[in-house]
Amino acid sequence: MSPLQEQILALKKQKNAVILAHNYQVKEIQEIADYVGDSLGLSYQAQASQADIILFCGVHFMAETAKIVNPGKKVLLPDMEAGCSLADSCDAGELAAYKALHPNIYVMAYINCTAEVKALSDVIVTSGNAERMVRHVPPDREILFVPDQNLGEWVTERTGRKMRLWQGNCYVHIEFTHASLTKIRSEHPNIPLVAHPECTRAVRMLADEVCSTEKMISYCRDHPSHSFIIATESGMLNRLRKELPDKEFIPGPTDRCACADCRYMKMNTLEKVYDALRDEKPELIMAPELREKALVPLQRMLDWSRN
Ligand code: 13P
Ligand code: SF4
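Residues numbered from 1 in each chain as written. Chains lettered and ligands numbered in written order. Predicted model: local features only at pLDDT ≥ 70, side-chain atom pairs only at ≥ 80, totals over all residues. Heavy atoms only, no water.

> Explain the overall build of the protein chain to me, please; I cannot follow it from the model alone.
The helix and strand tally for the protein chain stands at 15 helices and twelve strands. Expected size for 307 residues packed as a compact globule is a radius of gyration near 19 Å; at 19 Å, the protein chain falls within 12% of this value. Residue burial in the protein chain is summarised as follows: out of 307 residues, 55% are buried. In the protein chain, 65% of the contacts between residues at least 6 apart in sequence involve partners at least 24 apart. For the protein chain, the computed accessible surface area is about 12900 Å², with 51% contributed by carbon and sulfur atoms. For the protein chain, the distance from the average site of its 36 positive side-chain charges to the average site of its 41 negative ones is 3 Å. (Helix = DSSP H or I, 4+ residues; strand = E, 2+ residues; numbered from the N terminus. Rg over C-alpha atoms; globule rule 2.2 N^0.38 Å. Buried < 20%, exposed > 50% of the residue type's maximum accessible area, 1.4 Å probe, protein only. Contact = heavy atoms within 4.5 Å. Areas by Shrake-Rupley, 256 points an atom, 1.4 Å probe, with all protein chains shown as cover. Lys, Arg positive; Asp, Glu negative; His and termini not counted. Charge placed at Lys NZ, Arg CZ, Asp CG, Glu CD.)

> I keep staring at the sheet that holds strand E9 (residues 193–195) and nothing clicks. Help me out?
The pairing of strands in a sheet happens through backbone hydrogen bonds and is either parallel or antiparallel. Taken together, four strands build an open sheet; the order of strands is E10-E9-E11-E12 and the sheet is parallel. Here the strands that pair on one side only, and so sit at the sheet edges, are strand E10 (209–210) and strand E12 (248–251). Looking at chain direction, strand E11 (residues 227–231) and E12 are connected through four bridges and run parallel. Residue pairing for E12: Phe228 is matched across the bridge by Phe249. Each of E9, E11 and E12 is contacted by helix H10 (residues 178–187), which is oriented at about 170° to E11, the strand it contacts most. (Pairing = 2+ DSSP bridges. Axes fitted to C-alpha atoms, helices over the stretch in contact; angles between N-to-C directions.)

> Can you help me understand the nonpolar core in this one?
In a soluble, globular protein the nonpolar side chains are often hidden away together inside. Formed by 91 residues in total, the largest nonpolar core has its most connected members in Met108, Val146, Leu181, Cys220, Ile230 and Met301. It is helix H4 (residues 60–69) that contributes the most residues to this core, six residues altogether. Those residues in contact with Ile230 that sit more than four places away from it in its chain are Val194, Met216, Cys220, Leu237, Leu240, Phe249, Ile250, Pro251 and Gly252. Ile8, Ala17, Val36 and Leu277 belong to the second-largest nonpolar core, a separate cluster that totals 17 residues. (Core = buried A, V, L, I, M, F, W, Y, C linked by side-chain atoms within 4.5 Å.)

> Is there a simple way to think about the site of ligand 2 in this case?
Taken together, the residues surrounding ligand 2 are Tyr24, Val59, Cys84, Ser85, Leu86, Asn112, Cys170, Tyr171, Glu198, Cys262, Tyr264 and Met265. Among the detected pockets, ligand 2 sits in the largest cavity. Among the residues forming the shell around ligand 2, the class breakdown is nine nonpolar, two polar and one charged. (Near = heavy atom within 4 Å. 1 Å grid on protein atoms, 1.4 Å probe; cavity = no way out; pocket = protein on both sides within 12 Å on 5 of 7 lines; lining within 4 Å. Sits in = over half its atoms within 2 Å of the grid points. Nonpolar A, V, L, I, M, F, W, Y, C, P; charged D, E, K, R; others polar.)

> Can you walk me through the site of ligand 1 in this structure?
In the neighbourhood of ligand 1, 13 residues make up the surrounding shell, with His22, Ser39, Ser127, His196 and Thr213 lying closest. Separating an oxygen atom of ligand 1 from a side-chain N or O atom of His22 is a distance of 2.7 Å. Separating an oxygen atom of ligand 1 from a side-chain N or O atom of Glu198 is a distance of 3.0 Å. Within the complex, the protein chains bury 96% of what would otherwise be the 310 Å² of accessible surface of ligand 1. Judged by the proximity of its atoms to the pocket grid, ligand 1 belongs to the largest cavity. Broken down by class, the residue content of the shell around ligand 1 amounts to four nonpolar, seven polar and two charged. (Polar contact = N/O pair within 3.5 Å; in protein donor to acceptor, adjacent residues only side chain to side chain.)

> Whenever I open this one, helix H14 (residues 270–279) confuses me. Can you help?
In an α-helix, one turn spans 3.6 residues, which is why side chains three or four residues apart end up on the same side. Within H14, burial applies to Leu270, Val273, Ala276 and Leu277. One side of H14 carries all its buried residues, which in axial view fall inside an arc of 125°. Tucked inside the fold, the buried residues of H14 contact helix H1 (3–14), strand E1 (17–22), helix H2 (27–32), strand E3 (53–57) and strand E4 (74–76). At the exit of H14 stands Glu280, carrying a positive phi of roughly 55°. (Arc of directions from axis to C-beta.)

> Would you explain the packing of helix H3 (residues 39–48) against H4 in this entry?
In helix packing, the relevant descriptors are the interaxial angle and the interaxial distance, both defined with respect to the helix axes. Direction vectors running N to C along H3 and H4 enclose 35°, while the axes themselves pass 8 Å from each other. You can see that H3 and H4 cross each other, and the crossing is right-handed. Of H4, the residues touching H3 (which contributes Ser39, Ser43, Ala46 and Gln47) are Met62, Thr65, Ala66 and Val69. Partitioning the contact of H3 with H4 into residue classes produces four nonpolar, four polar and no charged. (Left-handed = near helix turned anticlockwise from the far one by under 90°.)

> Help me understand the packing of aromatic side chains in this model?
Within the structure shown, the criterion is met by four aromatic pairs. When the centroid spacing of 6.2 Å and the interplanar angle of 65° are considered together, the rings of Tyr98 and Trp166 count as edge-to-face. Here Tyr98 is found in helix H6 (residues 92–101), whereas its partner Trp166 is found in the loop between strand E8 (163–165) and H10, with 68 residues between them in sequence. Pairwise contacts between aromatic rings join Tyr219, Phe228 and Phe249 into one cluster. The ring of Tyr171 carries the charged tip of Arg263 above its face, separated from the ring centre by 4.3 Å. (Phe/Tyr/Trp six-rings, centres within 6.5 Å; stacked < 30°, edge-to-face > 60°. Lys NZ or Arg CZ within 6 Å of the ring centre and 35° of its normal.)

> I would appreciate a short explanation of empty space enclosed by the protein in the present structure.
If a probe the size of a water molecule is rolled over the atoms, the empty space left behind becomes visible. Throughout the structure, instances matching the rule amount to three cavities of 30 Å³ or more. Counted as a void, the largest cavity has a volume near 230 Å³. Within the residue set of the lining of the largest cavity, elements represented by two or more residues are H4 and helix H5 (85–88). Quantified by volume, the second largest cavity comes out at close to 50 Å³. Along the walls of the second largest cavity sit Ser39, Leu42, Ser43, Ala46, Phe56, Phe61, Met62, Thr65, Ala66 and Ile111, which together make up its complete lining. (Points joined across faces, edges and corners; volume = space filled by probe spheres on them.)

Next comes the structure, spelled out in structure tokens:
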């Protein structure tokens, strides 16, 4: 542990705070977190937290989700500018206009969206439970999946359920290409390729497994192979190497490099984490009416996910 990490841990104890970190955070932040996981695991952790402060090391929609499910807590995000290209691609006004034109549409929203979009949705899903959630939707309702066209397309492939797809994407995951992954596979033959469903179909078709970041851990743990190629954001490699130190993880390259960094996830640094805990800001503030509306589809997901 570095001196700064130790100071953060001391401050955390003094303030009765909990640090929740997404799998895409840098190694130094993952090391000081109470819990590191995917969006689904983080939502459950946020809801169950008894701490006074939830310091969320992730991006804005994740901190918002924590506030929605546990409003009595002070929720801090080290950098309020840490957004998400997927959340940006679905504007609540546009979604409201779409719903006005299609009043019977069932809106299934990937958790990577704003609270305003959540408030307009019927159910929220994550990459870890989307398949299961679709099976709960009445068969006579047409589904609009927002905002990730790739994840929505993957859910249709897995379930056979046709959906209208909002045309959004994750700028990090669409950088992996069929050519870049075919090339690395030829350099490492017979090594499984594990990809996140936010990747394009051309990439998913090459993969041995397509799953959420958390499921990548159990897949690699249970698989007899020693080595794996991983097509997702670079922070995931930290988590995999920590959980499975005897296995080898090769970052899936894009056409340009082998560094699939999400610029938003990487806005969080140890220095900002320390400052946020010390000053108890920036704090995530949300209007109660918005929070209550956004909670309905989120709680539906948390309930359905347990069964
Ligand atoms: P999961 O960790 O839920 O798989 O999500 C990946 C992601 O892109 C979060 O921003
Ligand atoms: Fe959003 Fe993609 Fe970054 Fe995840 S990796 S926070 S989906 S931009």
